[in-house]
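For reference, the chains in residue letters:
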Amino acid sequence: MSQLPKPDREQLRAKYPDVFDRPAGTRLATPAMIVAAFAVFVFGLVDLDFSPAKLFAGLSQLGWITLMMIPPDPGSSLPAYLSALGETLSIALLGTTIAAVLALPVSLLAARNVIPSGWLRFPVRRAFDSIRGVDTLIWALVWINVVGLGPFAGVLAIAAADFGAFGKLFSEAIEAADKKQVEGIRASGGNALHEIRFGLMPQVLPVIAGQVLYFIESNTRSATIIGIVGAGGIGLQLAEQIRVLEWQKVSFLILMILVAVAAIDWISGKLRFAIIGQRALA
Amino acid sequence: MTSAVSILPGAQLAVLNAAYRGAVARKRLRLALAAAAFLAALVVAAFGAEVNLRTLFTYFGNFVSYFDRILTLEDGTRVWSNPAEWFWGWRKWLWMLAETILISYVGTMIGAVLAFALNFFAAQNTSPARWLRFVIRRLLEFARTVPGIVFALIFVIAFGLGPMAGVLAIAIHSTGALGKLFSEIVENADMKPVEGVRSTGASWLSCMRFAVLPQVAAGYASYALLRFEINVREASVMGFVGAGGIGQELVVAIRKFYYSDVSAILITIIVTVFIIDIGTGWLRGRLFGGDARA
């Protein structure tokens, strides 16, 4: 075995100054960032009234609550819970569909390859962003003011909140479409509507269908909670049972939500693969 | 350039045509059946959700006029004609907003640390034991499937009203979401460095520290920042159930019909969310290069 020659440190040091003699600024950057992040964290703990006493009192309380949750038991209200769950699923399905149907035409206006002029695109995109910036629960409160308490307000809330999200996703899908097909339609004398109908739509519809399914799935989760502010569904039952401290019913409702979400995940996963083939989409 | 296309004899062509029409008809039938099933589901759902188009049309005016009302000051003028009056409570609102951001920051931090501690046990390639992996995975799944605001409702009862409940709720939800994402990054990591470190006789802990962590740290930070962005939005509604932050002001304003306050608070929230989106996007770009925007 041959001995490797001893490296000449001085020569290496001269050759690679940024490895051996990094300036203090770059060497300190990472620790400084960590210290700063930690300092903000500690400040937050103090400012938000985290005292160990409070934490332990709360944890022991939480322990009691957990003990009282066992075993999960619906009492005599199982039928009411099942119908509430049905309501939640209905809210998610309808809200998502309405949002998708409304967002599709508008998202064309936000796509660079359909509307080349930035003057129209920019306000449409910012409108989508603003709608998306408002949480579903806030939308639910607004719609309750309009149509009153109940699941209908929930449908409209999901529709409004998703309109913003779909607008963005659809317009991105449209921008990612191949433009050769569109050029082909134009070459054969089609007008702008023909280009969209026969050039763009066949390409983007499967992508969009996958996204809509995914949103129905994730909206089942959102729909479970909008009942907390009074917009129908299983969240309403959950919030009520928590307020009256019926912990066994609470744990039963939480289990129901978990099972329902898992079931929807599974079904929509199957459907998604059936529509778009085996390549998984977002 | 010309080339001849040979035309098949009529009998042969008819067979091919029939096969083609049959295939198209099958596809159309399947599409029509799917559409019919979907429509039926929609109708059932419409009954389930008590959709009432008459209510919608009667009250749709309300929706439009709601925006009209929240954009009108008490003296009847438009809000933008008198910004000082519109944002009369900006000092208080900014404090509440700062609290909201702090809630999501502290919550994300706790969640990220817990997810960091758990994710090596949840990833297929680094988990020391099969049963441990199964348990941790189910735990993370539970934490992210139960909505954060449900945890907040329960914590408000256990810990009392205030931001602590909100922070803990966000922390638990972030642990579940980040734990899954982190463990997926670990599963995609290259295992050769791990073998290298193990060959020197290192323990499991050292393998994680010196072989896996350097590969995955950037991805962790990127996802944590993304989660912070989402959590700011989530924290803005934590106040609805009494768990602190700007949501408390908003829900009071909506319930008590302080119209112009609603629009002022909403705009404050939206602008903050924009700024944080842009800020974290910029930070991610600085830290991990332009293409790391997940």
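Below or above, wherever it landed, is the structure these notes cover. (Residues numbered from 1 in each chain as written. Chains lettered and ligands numbered in written order. Predicted model: local features only at pLDDT ≥ 70, side-chain atom pairs only at ≥ 80, totals over all residues. Heavy atoms only, no water.)

## Points about helix α11 (residues 234-243) of chain A
The buried fraction of α11 of chain A amounts to 7 of the 10 residues, a majority that puts the element mostly inside the structure. Of the residues one or two after α11 of chain A, L245 of chain A is the one with positive phi, at around 60°. (Buried < 20%, exposed > 50% of the residue type's maximum accessible area, 1.4 Å probe, protein only. Helix = DSSP H or I, 4+ residues; strand = E, 2+ residues; numbered from the N terminus.)

## Overview of the environment of F142 of chain B
Mapped onto the secondary structure, F142 of chain B falls in helix α5 (residues 130-145). For the pair F142 of chain B and L73 of chain B, spaced 69 residues apart in sequence, the C-alpha to C-alpha distance is 46 Å. In contact with F142 of chain B, other than residues within four places in its own chain, are I254 and L258 of chain A together with F151 of chain B. (Contact = heavy atoms within 4.5 Å.)

## Points about the interface of chain B and chain A
The accessible area lost on association of the parts is a frequent measure of interface size. Across the contact, 56 residues belong to chain B and 61 residues belong to chain A. Note on chain B versus chain A: buried area summed over both sides is about 5,100 Å², and carbon and sulfur give 84% of it. Taken together, chain B and chain A are joined by 0 salt bridges. Our enumeration of links across chain B and chain A arrives at 1 residue pair in polar contact (both at pLDDT 80 or more). (Buried area = accessible area lost by both parts, 1.4 Å probe. Salt bridge = Lys/Arg side-chain N within 4 Å of Asp/Glu carboxyl O. Polar contact = N/O pair within 3.5 Å; in protein donor to acceptor, adjacent residues only side chain to side chain.)

## Quick look at the nonpolar core
W143 of chain A together with I154, F155, F240 and L250 of chain B are the most contacted members of the largest nonpolar core, which totals 130 residues. The greatest single-element share of this core, amounting to 13 residues, is contributed by helix α8 (residues 151-175) of chain A. Once residues lying within four places of it in the same chain are set aside, the contact partners of I154 of chain B are L62, I65, M69, I242, W247, V250 and I254 of chain A. One finds F120, I185, V197 and V212 of chain B within the second-largest nonpolar core, a separate group that totals 18 residues. (Core = buried A, V, L, I, M, F, W, Y, C linked by side-chain atoms within 4.5 Å.)

## Focus: the packing of aromatic side chains
The relative placement of two aromatic rings is captured by the distance of their centres and the angle of their planes. Counted according to the given criterion, the structure contains 14 aromatic pairs over all chains. Taking 6.4 Å as the distance between ring centres and 80° as the angle between the ring planes, the aromatic pair formed by Y214 of chain A and F215 of chain A counts as edge-to-face. Owing to a relative accessible area of 34%, Y214 of chain A belongs among the partly exposed residues under this scheme. Classification of F215 of chain A as buried rests on a relative accessible area of 14%. Considering the side-chain rings of F116 of chain B and F120 of chain B, the 5.8 Å spacing of their centres and the 75° angle between planes classify their relative orientation as edge-to-face. In this pair, F116 of chain B and F120 of chain B both sit in helix α4 (residues 90-122), 4 residues apart, roughly one turn of the helix. (Phe/Tyr/Trp six-rings, centres within 6.5 Å; stacked < 30°, edge-to-face > 60°.)

## A word on helix α2 (residues 53-70) of chain B
Residues and elements named next belong to chain B. Between its first and last C-alpha atoms α2 spans 25 Å; for 18 residues at 1.5 Å apiece the expected length is 26 Å, and the two agree. Helix geometry: α2 is bent most strongly at Y59, by close to 45°. Every buried residue of α2 is accounted for by T55, L56, F63, Y66 and I70. (Expected span 1.5 Å × (residues − 1). Bend = angle between axes of the 7 residues up to and from the residue.)

## Topic: the side chain of R133 of chain B
All names here are of chain B. On the secondary structure map, R133 appears in helix α5. Although R133 is buried, it forms no salt bridge, and the closest oppositely charged side chain is E187 at an N-O distance of 4.7 Å. Beyond its immediate stretch of four places on either side in the chain, R133 contacts F121, A122, A123, Q124 and S127. (Lys, Arg positive; Asp, Glu negative; His and termini not counted.)

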